[in-house]
Structure formats: structure tokens, C-alpha cells
Amino acid sequence: MYPILSAKNLAPNIYEFVVKAPLIARNAKAGQFVILRIHEKGERIPLTIADYNREEGTITLVFQVVGKTTDELSTLKAGDSIKDFVGPLGNPSEIKNFGKVMVVGGGVGIAPVYPIARALKEAGNEVIGIIGSRTAELLFWEDKMKDVCDSLIVCTDDGSKGFKGFVTQAMEKVFNENSDVKRCWAIGPLIMMKFATQVAKKYNVPIIVSLNTIMVDGTGMCGACRCSVGGKTYFACSHGPEFDGTLVDFDELLKRADRFKEEERIAWERYKKMKGGAQDG
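As the structure is a computational prediction, the values presented were derived from the model and not from experiment.

The rules behind each value
- Residues numbered from 1 in each chain as written.
- Predicted model: local features only at pLDDT ≥ 70, side-chain atom pairs only at ≥ 80, totals over all residues.
- Heavy atoms only, no water.
- Buried < 20%, exposed > 50% of the residue type's maximum accessible area, 1.4 Å probe, protein only.
- Helix = DSSP H or I, 4+ residues; strand = E, 2+ residues; numbered from the N terminus.
- Arc of directions from axis to C-beta.
- Pairing = 2+ DSSP bridges.
- Contact = heavy atoms within 4.5 Å.
- Axes fitted to C-alpha atoms, helices over the stretch in contact; angles between N-to-C directions.
- Phe/Tyr/Trp six-rings, centres within 6.5 Å; stacked < 30°, edge-to-face > 60°.
- Lys NZ or Arg CZ within 6 Å of the ring centre and 35° of its normal.

*Asks:* Where do I start with helix H5 (residues 167-177) in this structure?
*Replies:* Given 3.6 residues per turn, any residue in an α-helix points the same way as the ones three and four places further on. For H5, the full list of buried residues reads Val167, Thr168, Ala170, Met171, Val174 and Phe175. Along the long axis of H5, the arc covered by the buried residues comes to 155°, so they all point the same way. H5 presents Asn176 and Glu177 as exposed residues on the side facing more than 90 degrees away from its buried surface.

*Asks:* It is not clear to me how the sheet that holds strand E5 (residues 58-64) should be interpreted in this structure. Could you clarify?
*Replies:* Where strands meet in a sheet, backbone hydrogen bonds hold them as pairs that are either parallel or antiparallel. Strand order across the open sheet formed by seven strands is E6-E1-E2-E5-E4-E3-E7, with antiparallel pairing between neighbours. Strand pairing shows two members of the sheet lacking a second neighbour, strand E6 (81-82) and strand E7 (84-89), which therefore form its edges. Relative to E7, strand E3 (residues 33-37) is paired through four bridges, and the arrangement is antiparallel. What sits directly across from Arg37, in E7, is Asp84.

*Asks:* Help me out: how do you make sense of unusual backbone geometry in this one?
*Replies:* Residues apart from glycine generally show negative phi values, whereas peptide bonds are mostly found in trans. For the bond running from Gly87 to Pro88, omega is 0°, close enough to zero to count as cis. Within the secondary structure, Pro88 sits in strand E7. With an omega of 15°, the peptide bond running from Gly240 to Pro241 counts as cis. By the element assignment, Pro241 lies in the loop between helix H7 (236-239) and strand E16 (242-244). Within the chain, Asn13 stands out as a residue other than glycine whose phi angle is a positive 65°. Note on placement: Asn13 falls in the loop between strand E1 (2-11) and strand E2 (14-20). One non-glycine residue, Trp141, adopts positive backbone phi at about 60°. Judged by its relative accessible area of 8%, Trp141 is buried.

*Asks:* Explain the sheet that holds strand E10 (residues 151-156) here, please?
*Replies:* With respect to topology, seven strands assemble into an open sheet ordered E11-E10-E9-E8-E12-E13-E16, the strand pairing being mixed. In this open sheet, the two edge strands, each paired with only one partner strand, are strand E11 (163-164) and E16. Two strands pair when backbone bridges link them, and strand E8 (residues 100-106) and strand E12 (residues 181-187) are joined in this way by six bridges, in the parallel orientation. Of the residues in E12, the one forming a bridge with Lys100 is Val181. Helix-sheet contacts for helix H3 (residues 110-122) involve E8, strand E9 (126-133), E12 and E16, and the interaxial angle to E8 is about 165°.

*Asks:* Which parts of the structure should I look at to understand the packing of aromatic side chains?
*Replies:* For any pair of aromatic rings, the description consists of the separation of the ring centres together with the inter-plane angle of the planes. Counted under the stated rule, the structure contains eight aromatic pairs. With a centroid separation of 5.6 Å and 20° between ring planes, the pair formed by Tyr15 and Phe63 is classed as stacked. Of the two residues, Tyr15 is situated in strand E2 and Phe63 in strand E5; the sequence distance between them amounts to 48 residues. For the pair Tyr15 and Phe63, one class covers both residues: buried. A centroid spacing of 6.0 Å and a plane angle of 75° characterise the contact between Phe140 and Trp141, whose relative ring orientation is edge-to-face. Its end group placed over the ring of Tyr52, Arg118 keeps NZ or CZ at 5.0 Å from the ring centre. One Lys or Arg, Lys144, reaches over the ring of Trp141 and ends 4.7 Å from the middle of that ring.

Honestly, it's all geometry; don't read function into it.
Here it is as C-alpha cells:
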């Protein structure tokens, strides 16, 4: 059992858990993830390691409620425990002193981009950070990102905070003002990473994207996270989760992501109805 030391509601339907997991904390690196199971009959789900503290033996998870398991997870509090943890899994981010770099986090993608930004800063890079969400109330970890970035641009689609517009527009602004950006990381929804890749490619800057959003089983057995990269088939969980964005077939991934939308909606509605009935009883 892995005890939850703290549980916070960061934004609507977005939660942060600090969990005691000494062995994982000791070995975790930026870009990696864990697989957890809430209880004996629970579904196994992958979540990115958003932070870790080797001395205290803790890891931090940030997740958004999108279905049954994440909804169940959100009901846990400090003092509760998670039954199973496996990790760290996945290949870590390539971290070295590139010079000037850019990290871009969209929505919940702010969480996984944070440890990458921190590791890049510790390696001696000048880190330009961009984080964005639809509205100000969905933003989180702005202060944490400021601590590990030399400069940080905050974006909201509706202009309720910071730069009004998409993270891709902020990327354009940075590239126009900085001709010496050596590498970029972008993590967020598939459509955001697709357009972020197009912007970076326009300025001939290598870009790394994380395909953690398409993982299900997290071990390569289910095949749900298969992706076409450079014309070859890979599994995001075992070969990634990070890939050269310019080689990823985002259109294929976007089609696959929508394939079971109706089934997911029906399952989610059924779960909410059952949950409501249980609470009424």
C-alpha cells in the first residue's frame, strides 16, 4: 500500500497527490510515469510522475477526472492509500546542456513538463517556459514553473490571465525574438502538440512531444498506444513516451483517439448513474 500524504484540488477536475513511494522516488527521472491501481478490483492506469523528492521518498501525481477510475481516485484524501504502484516506467527525457531551450505545457500537460524544465535548468540550460489553459481557473503550478524557468509566459485562450491566445502563438513570439533556441519540448492535448510541432518545424527547431495521453495499459501488451513515428510503428509506453514531434503521425493518432468516443460517453454516463444510485441508497 502507498499512503497519500497530501491531496489537493488544483483546478476544476484537476487534482494533485503526493504519495509515499521511496523506491520510485529514488529512481525517477523527468519524462517517466507510473501505473497504479486504486484497489484490488481497480483498473490499471498510467500517470506521469509530475515531481519527486528523493530525500523524502515521495512522488507527485497530477491527474484530471475523465472517467471512472480518475473519478474514484479524486475521492481519496490524505491518509488514504493506493494499493499498487509500478514504476518508474518509460524512457526518461534526454537532458543535457543544449543552451537555450523552450518547454511548453498545455492544460494538464503543465504537470509533466515541470520536471523536464527543472532537469534542463539543473543541467545549465536557459529555460523559456510557456504554459496555457482555456481560462485562468484551469491554470496551476505557475509558481513552480517560475522557479525552474528563466522566463515564463502564461497564456489563456480567453485572455483571463496573461497572454490572450494559444501556446502556439506564444511560441511564435518567442521564436521571433530568440533565434538561438536549440530545442523545444511540448506536452498537452494531441491537437496542441500537433500545432506546436508545426510551429517549431517552421523555425527549424527540434521538438520533442510526449504521447502519454494515448497510453492505456502502460506495458505494451494492449497495443492501444501504438503510433506511427517516421513511418514505423512504436508503442508510446515502451518506446517512448517521448518522440521527435516532426516524425509523429498526429492525424492518425487523432482519428484513433476519437474512435471510441461514443462508447466512452456511454460508459461514463452509466458509471455516474450507478454512483448516484449508490449515494442515494
